[in-house]
Amino acid sequence: MDMKSKPPVGWNGTTLKEMLAASERRFADTGHYQGLAELPIADRKPLLFERLHLKLRGALVSAREVARNISASPIVKELGELCFTVFTPEGDSVTLSTGIIVHVHTMSDVVKFMIRNDFEDDPGFAPGDIFCNNDVLAGNVHNCDIHTIIPFFWEGELVSWIAGVTHVPDVGARTPGSSPVGPMSTYDQGLTIPPQKIGENDRVFRAFRDMYKRTSRTPLLLELDEKTRLAGCVMIRQAIENLIREEGIDTYKQFMREAIEQGRRSFIRRVKRMLVPGRYRVPSFCDVPWENERGHLPQAAVNTLMNAPLEFTVNSDGTMKTTLDGASAWGFHTMNCSPSALQGGMWVMMCQSLADAESINDGAYFAMDQHFPRGSWTNPDNPEAGTAHAWHFLWSGLNGLFRFLSHGYHARGFIEEVVAGYGTTTNILYGSGLNMFGEPFAATNMEMTGAGLGARGCRDGLDCSYAMWNPESDIGDIETSWELWEPMLYLGRTVKPNTGGAGKYRGGNALESVRLVWKSQQAVFQHVGHGMVHVNCGLFGGYPSNTGYRRSAHDTDAFELIAKQAPLPTNDHDPEHSQVETMIKGRHIVDDNALTLPEPYSDGDLYVSVIQGGPGLGDPLEREPAAVVKDLAEGHLLPRFAERLYGVIAVQGPDGAWHVDVQATAARRAALRRARAEESVPVAQWLATETPRVQNGELPPWVRRMYQESIRLSTDWGGEFKAFWGIADGSAVYEPAAKK
Ligand code: MN
């Protein structure tokens, strides 16, 4: 068969594959995107450049705002979990809308995947074609993010790609929800759509629609989300047609390339201005405590500890290198990541912090070298590795990125840009069964976007309002976002005190909800949170934020209390003096198993959801006593912690108002500082007791296994680890012989 049977669709009679290869060659040769040493439009006609940029960006933002109203899913409609972007023919992002911009880079990978795998020949690219992907092997974070990608043609040439993504509520996995946590591999995590053509002439093939609707617990929501994505893409196509008519095709083509090169240069300028060259190591850890979980196949019933030894090198020319060398192994769970997800995750964080907000595109990606070791959770070497809940490791593993940037900002005096990190957006409530209308439901409650931001360099973190992956997210309205879909009533949704880490500036607190199961049948619900490990440390002496806990109450007297018009708990408040346990009779489950499989719930049962706060910054003993008293008054701090954490002696007057006892506070703080000095030992002494423990492997079994995995996967990282602790090469503790 003649492989050149179809005429090429690239520029000037070339194929897209040739265009992509030429683009990569020019970048490798010159260090400039498309070899652009000069930017004739941006530098000589800045007003034209701005006009093109603003018209295109405006079209994307307004397409997103209009299209989201087609969706019926609260995740898209209320929370804004969608975004649109425009790519060059080679798949490099030119500009983007607001929303889940983590996908600007993942969809870039999908376009490049199609080009590299000769989609130009089979099935071919033609005007009106529609492509789809949700497969992480081609480019995605997890399979509930579904991409719609259309080519844009002008006079026979493919001039741009236009793409949109939505985060759908259910992917038909073994357990319900957007990013299911019950599956153990790709084979039970539901819908997989590798890159493929799904329609022609702006219409989606019926067979494709029938397929995905049969593979989700929420078929109608998936169908409307599909229409949302396609409608947005078509609106953007019309806007680009108008733009080209007004400004000319050659100007548009040149603009796309200059916009990316300018994004790259502006990123490098910001690195030079705001950071300090050097090597930065900002590790994080995260647990999956499933050894005793009997709901899995045997391979998955293990306790896993994720090692994320995140490292950045800032070069003096403003370029950056990052590596996760030393990451632990992938496992039989759905928390593994693709490189594309990690690139997207880093990119979305850079966009909120370091990158110049006006020129965000793939330029920042071209300014950074990235390495994700093969075989680790960051780049599994087995296509069976599940990724449906990749965020569990992703938002934990990347937490150090803000700590790294903050060291640079602090050193350069950009104190107001410093941020200690963020709360991971968990707990997530998942569930399924029949709802109050007697219909099947799948719950993915995304009010976990009400996490806390870490403390800033000069003030406290934001309370109940931060999700690292969508800078513009929303917790959703109780009635229309959640109670309409989930057979559970909200008894309350409030600030959870002490979830933010203590510090001179405290981390933002997160929210807490108490839900009452109501008019359900065969319902199951699940806790998807972080349990035993502090996934985010504080900064400059600040404390980490809360770990997770699970609380539910079953066979309760809640409906009797309602009949008697007696009070109900609106929050759990202080877990050690639980409101739910005090006010509700029944079988209470409370422990630190914050990551569970779905469990049965009946009408009248209670489910408590606690989200995570942000880490703190600076020594808590340096916090203004007045700020501690304000936290007490506003319910951000449990009273007993004023003294324990902050050394503040607060007294409550007859009117209920809190006041600082200034003298007692000064004395208490002095005593706490003395106690610290007495407890402390010199580092050399600590190392002398710790080193034999590490050498002999006297560590909890899952900690030791984590280090074994990291050493097996990386000679460099393992070499440094062994050299630091004086561990002999081939130590049976850390490098056990492979089983026969
Ligand atoms: Mn998603």
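The rules behind each value
Residues numbered from 1 in each chain as written. Predicted model: local features only at pLDDT ≥ 70, side-chain atom pairs only at ≥ 80, totals over all residues. Heavy atoms only, no water. Domains from an automatic or database assignment. Contact = heavy atoms within 4.5 Å. Buried area = accessible area lost by both parts, 1.4 Å probe. Salt bridge = Lys/Arg side-chain N within 4 Å of Asp/Glu carboxyl O. Nonpolar A, V, L, I, M, F, W, Y, C, P; charged D, E, K, R; others polar. Pairing = 2+ DSSP bridges. Helix = DSSP H or I, 4+ residues; strand = E, 2+ residues; numbered from the N terminus. Axes fitted to C-alpha atoms, helices over the stretch in contact; angles between N-to-C directions. Polar contact = N/O pair within 3.5 Å; in protein donor to acceptor, adjacent residues only side chain to side chain. Donors = N, O, S within 2.8 Å, 3.2 Å for Na, K, Ca; no water. Buried < 20%, exposed > 50% of the residue type's maximum accessible area, 1.4 Å probe, protein only. Phe/Tyr/Trp six-rings, centres within 6.5 Å; stacked < 30°, edge-to-face > 60°. Lys NZ or Arg CZ within 6 Å of the ring centre and 35° of its normal. Expected span 1.5 Å × (residues − 1). Arc of directions from axis to C-beta.

### Brief notes about the domain arrangement of the protein chain
Argument step 1. If you check the domain split of the protein chain, you get domain 1 (3–248), domain 2 (424–618), domain 3 (624–679) and domain 4 (683–725).
Argument step 2. For domain 2 versus domain 3, the separation of C-alpha centres amounts to 28 Å.
Argument step 3. Taken together, the contacts link 13 residues of domain 2 with 10 residues of domain 3.
Argument step 4. For the pair domain 2 and domain 3, the summed buried surface comes to about 1000 Å²; carbon and sulfur atoms form 46% of the total.
Argument step 5. Counting the contacts that link domain 2 with domain 3 gives 3 salt bridges.
Argument step 6. Between Asp631 and Arg506 there is a salt bridge whose closest N-O contact spans 3.0 Å.
Argument step 7. Class assignment of the residues belonging to the side of domain 2 that touches domain 3 gives a composition of 4 nonpolar, 5 polar and 4 charged.

### Observations concerning the sheet that holds strand 13 (residues 368–371)
Argument step 1. The sheet built from 4 strands is open, its strands ordered 8-11-12-13 with mixed pairing. Each edge of the open sheet is held by one strand with a lone partner, namely strand 8 (278–281) and strand 13. Going from strand to strand, the sheet's axes swing by 15° on average, the running direction of each strand aside.

### Quick notes on the side chain of Thr175
Argument step 1. With respect to the helices, strands and loops of the structure, Thr175 is situated in the loop between strand 5 (157–167) and strand 6 (196–200).
Argument step 2. Only 3.0 Å separates the side chain of Thr175 from the backbone nitrogen of Gly182, close enough to count as a polar contact.
Argument step 3. Among residues more than four places away in sequence, those in contact with Thr175 are Pro180, Val181, Gly182, Pro183, Arg217 and Pro598.

### Quick look at the sheet that holds strand 15 (residues 440–445)
Argument step 1. Ordered in space as 15-14-18-21, the 4 strands form an open sheet in which the pairing is antiparallel. Edge positions in the open sheet fall to strand 15 and strand 21 (599–601), since each of these has one partner strand only. For this sheet, the mean angle separating the axes of adjacent strands, direction not counted, is 25°.
Argument step 2. Here strand 18 (residues 521–528) pairs with strand 21 via 3 bridges, running antiparallel. Looking across to strand 21, one finds that Phe525 is bridged to Glu599.

### Some points on the coordination of the manganese ion
Argument step 1. Ligation of the manganese ion by protein atoms is provided by His142 (NE2), Asp145 (OD), Asp145 (OD) and His167 (ND1), these donors lying 2.2 to 2.4 Å from the ion.
Argument step 2. Ordering the donors of the manganese ion by residue number gives the pattern H-x2-D-x21-H. With a gap of 22 residues between them, Asp145 in strand 4 (residues 145–154) and His167 in strand 5 connect regions that are remote in the sequence.
Argument step 3. Assessed through its relative accessible area of 2%, Asp145 is described here as buried.

### Focus: the packing of aromatic side chains
Argument step 1. For the structure shown, the criterion picks out 26 aromatic pairs.
Argument step 2. Taken together, a centroid distance of 6.3 Å and an interplanar angle of 45° make the contact between Trp391 and Trp469 tilted. Residue Trp391 is located in helix 13 (residues 391–397), and its partner Trp469 is located in the loop between strand 15 and helix 15 (478–483); the two are separated by 78 residues in the primary sequence.
Argument step 3. Of the residues examined, Trp391 reaches a relative accessible area of 6% and is grouped as buried.
Argument step 4. Arranged with centres 5.0 Å apart and planes meeting at 80°, the rings of Phe724 and Trp725 form a pair that is edge-to-face.
Argument step 5. By way of ring pairs, the aromatic residues Phe27, Tyr33, Tyr365 and Phe366 are connected into one cluster.
Argument step 6. The ring of Trp11 is capped by Lys253, whose NZ or CZ atom sits 4.6 Å from the centre of that ring.

### What to know about the pairing of strand 1 (residues 82–87)
Argument step 1. With respect to burial, strand 1 is a largely interior element, 6 of its 6 residues being buried.
Argument step 2. Across the two faces of strand 1 the burial is the same, with Leu82, Phe84 and Val86 and Cys83, Thr85 and Phe87 all buried.
Argument step 3. Strand direction decides the pairing type here: strand 1 and strand 5, joined by 6 bridges, are antiparallel. In the strand pairing of strand 5, Phe84 is matched with Gly164.
Argument step 4. As paired elements, strand 1 and strand 2 (residues 93–96) share 3 bridges and run antiparallel to each other. Counterpart to Phe87 in the pairing with strand 2 is Ser93.
Argument step 5. Two successive antiparallel strands, strand 1 and strand 2, enclose a turn made up of 5 residues, where Gly91 displays a positive phi of approximately 95°.

### A word on helix 1 (residues 16–30)
Argument step 1. With 15 residues, helix 1 should cover 21 Å at 1.5 Å per step; its first-to-last C-alpha distance of 21 Å lies within 8% of that length.
Argument step 2. Those residues of helix 1 not exposed but buried are Leu16, Met19, Leu20, Ala22 and Ser23. Projected down its long axis, helix 1 carries its buried residues within an arc of 165°, all on one side. The exposed set on the far side of helix 1, more than 90 degrees from its buried face, consists of Arg25, Ala28 and Asp29.
Argument step 3. For helix 1, the elements touching its buried residues are helix 5 (103–116), helix 6 (120–124), strand 5 and helix 10 (249–274).
Argument step 4. Within two residues after helix 1, Gly31 carries a phi angle of roughly 80°, on the positive side.

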